[in-house]
Amino acid sequence: MKILTITSLFPNAADPKHGVFIETRLKQLRKRYPDAEITVIAPVPWFPFKSSLFGQYSLFARAPYFEKRGEMPVYHPRYVVLPKVGMTLAPKTMAFVLYRQIKALMAEGYEFDLIDGHYFYPDGVAIAEVAKKLNKPFTVTARGSDINLIPQYETPRRQIQDVFHASNHNLAVCEALRQEMIALGAAPEKVSASRNGVDLDLFSFADEQQQREVRQQLKLPLERPVILSVGLLIERKGHHLVIEAMKAHPEAQLLIAGMGPDKSRLKRLVKKLHLSNRVTFLGALSQPELARYFQASDLSVLASSREGWANVLLESMASGTPVVATNIWGTPEVVKARAAGLLVERNSRDIAAAIGLLLNSRFPRAETRQYAEQFSWDETTDQLYRLFSELLGYDRHGGNSSYRGTETDMNDKEVAV
């Protein structure tokens, strides 16, 4: 089974945390089903300057054009995104570079059976165009804002609806997104919920004694509650609400993991609320580093306004650390038991109250870990492999795909770059 994964949400050497959840899914699929050969095309917006003066944009310029991530070859062709017209033009410019990259690979002898796409706009729209020209089957997985935000714009909504019908199957990372896709016009029988899992080895369990040992290693207070908030430093992740909630818990220490454009604003808020000695900004953490901070924490908080399926919730629980999370989209599908944590409305008062409840009536960390263990990757990778096999007529005993077609030419002049 030869899979070509296409998505703009994928890590690269310059930005190793970007879309790491998709890379993890592919690694888990490959680990459980070694016959699945995976190549990735992860297009990156074109940007001319590598200087860090340009912030997040400079990462686009610094991304390599090719790299090996584990066993997977990953290509990062550039596509043009123009100000003001970027949203409507991006599917065309992305389709142009995808087709050009695929043609170059095919000229070198590369073959593939199907396209595994992630994110419906612009990625899914571009993938649908390329798959049609190559006469290849394809799936697209919805991740969150591609379904719960972008369709409010008329043209993208219509294009996403076209992808629903053109794809061989559609996937969503939670049931809430699946239902929203159906409401937007996707045929129910062509949409499946395919949740993310958690790497139970990487995010390993720490009992109460091990928690203290990790705290000592990280030079964190041993006798004060430690609260962790993880995510990009942007309004949508709600770190400001968690900071405000700390006013009600003068005994607690807050750790914020992540980087982003709101860092200065959040630091000003900390200073304004006189919390400088109780709030620490950790910066961007690698996955192994993050796992240790989850182990060291008493609870973690996710105050997002939008989430499809928040991996950090499972990562926290797998470490033995319960969560406080806003009651949005797929989050209720993750936090379904008291040992997992509490769901709240998105305001600092309710967040503060939930923090108090968890700190005052703690479940054993082992029960939180046990809850998380039901979210291993096995069920999801089995589902994905079964779906891809069915789409290809794959006999699961080494047989080749029965899906074949003739490539039709793609007129490069159709795309204005």
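As shown above, the structure is provided for reference.
Quick caveat: nothing in here was measured; it's all calculated off a predicted structure.

Rules behind the numbers
Once a new chain begins, its residue numbering starts again from 1 and follows that chain's sequence as written. Confidence filtering applies because this is a predicted model: local features only for residues at pLDDT of at least 70, side-chain atom pairs given and counted only at 80 or more, and all residues used for totals across whole chains, interfaces and linings. As a rule here, side-chain values cover all heavy atoms of the structure and leave hydrogens and water aside. Salt bridges are defined as contacts in which a side-chain nitrogen from Lys or Arg sits within 4 Å of a carboxyl oxygen from Asp or Glu. Secondary structure elements are defined from DSSP: runs of H or I of at least 4 residues count as helices, runs of E of at least 2 residues count as strands, and each element is numbered from the N terminus. Exposure is judged per residue with a 1.4 Å probe applied to protein chains only, and the accessible area is read against the type maximum: over 50% gives exposed, under 20% gives buried, and values in between give partly exposed. Aromatic contacts are taken between Phe, Tyr and Trp rings whose centres are within 6.5 Å, Trp giving its six-membered ring; a plane angle under 30 degrees counts as stacked, one over 60 as edge-to-face, and the others as tilted. Remark: nonpolar core denotes a set of buried residues (Ala, Val, Leu, Ile, Met, Phe, Trp, Tyr, Cys) joined through side-chain atoms within 4.5 Å. Should DSSP find at least two bridges between two strands, the strands are taken to pair. With axes taken as lines fitted to C-alpha atoms, and helix axes fitted only over the stretch in contact, angles between N-to-C directions fall between 0 and 180 degrees. For this analysis, residues touch if any pair of their heavy atoms sits within 4.5 Å. Here the expected length of a helix is defined as 1.5 Å per residue gap, with one fewer gap than residues. For the purposes of these results, a polar contact is taken to be a pair of N or O atoms within 3.5 Å, where, inside protein, one atom must be able to donate a hydrogen and its partner to accept one; residues adjacent in sequence count only when each atom of the pair is a side-chain atom.

(A) How the structure looks around the pattern of salt bridges. In total, this model carries 18 salt bridges according to the counting rule given. Aspartate 298 serves as the salt-bridge partner of arginine 215, at 2.4 Å between the closest nitrogen and oxygen. In this pair, arginine 215 is assigned in helix H8 (residues 208-218) and aspartate 298 in the loop between helix H11 (287-296) and strand E14 (299-302), connecting sequence segments 83 residues apart. Take arginine 215: its relative accessible area is 3%, and that puts it in the buried class. What makes aspartate 298 buried here is its relative accessible area of 10%. Its salt-bridge partner being glutamate 235, residue arginine 346 comes within 3.4 Å of it at the nearest N-O pair.

(B) How the structure looks around the packing of aromatic side chains. One pass over the full model with this rule turns up 12 aromatic pairs. Taking the centre distance of 5.9 Å and the plane angle of 80° together, the rings of phenylalanine 47 and phenylalanine 49 count as edge-to-face. By relative accessible area, phenylalanine 49 is classed as partly exposed at 44%. Ring geometry for phenylalanine 47 against phenylalanine 54: centres 5.6 Å apart, planes inclined by 65°, an arrangement best described as edge-to-face. For phenylalanine 54, a relative accessible area of 37% puts it in the partly exposed group. In textbook terms, an aromatic cluster arises when at least three aromatic residues are bridged by ring pairs, as seen for Phe47, Phe49, Phe54, Tyr57 and Phe60.

(C) Expanded view of the nonpolar core. Core analysis: the largest hydrophobic core is formed by 97 residues, its most contacted members being Phe120, Ile147, Met181, Leu228, Leu313 and Met317. Ranked by size, the runner-up nonpolar core spans 29 residues in total, among them Ala252, Val270, Phe281 and Ala352.

(D) The sheet that holds strand E15 (residues 323-326), seen in detail. Here we have 6 strands laid out as an open sheet, ordered E13-E12-E11-E14-E15-E16, and parallel in their pairing. Two strands lie at the open edges of the sheet, namely strand E13 (279-283) and strand E16 (341-344), each paired on one side alone. Direction aside, the axes of adjacent strands within the sheet are offset by 20° on average. The strands touched by helix H12 (residues 311-318) within the sheet are strand E11 (226-230), E14 and E15, with E15 carrying the most contacts at an inclination of about 165°.

(E) Molecular detail of helix H14 (residues 348-360). Counted at 1.5 Å a residue, the expected span for H14 with its 13 residues is 18 Å, and the 18 Å between its end C-alpha atoms agrees. Within H14, the full set of buried residues consists of Ile351, Ala352, Ala354, Ile355, Gly356, Leu358 and Leu359. Looking at the buried residues of H14, the elements they touch are E11, helix H9 (239-245), E14, E15 and E16. At the N-terminal end of H14, a side-chain oxygen is found 3.2 Å from the backbone nitrogen of arginine 349, two or three residues along, and the residue is asparagine 347.

What is shown is where atoms sit, not what they do.
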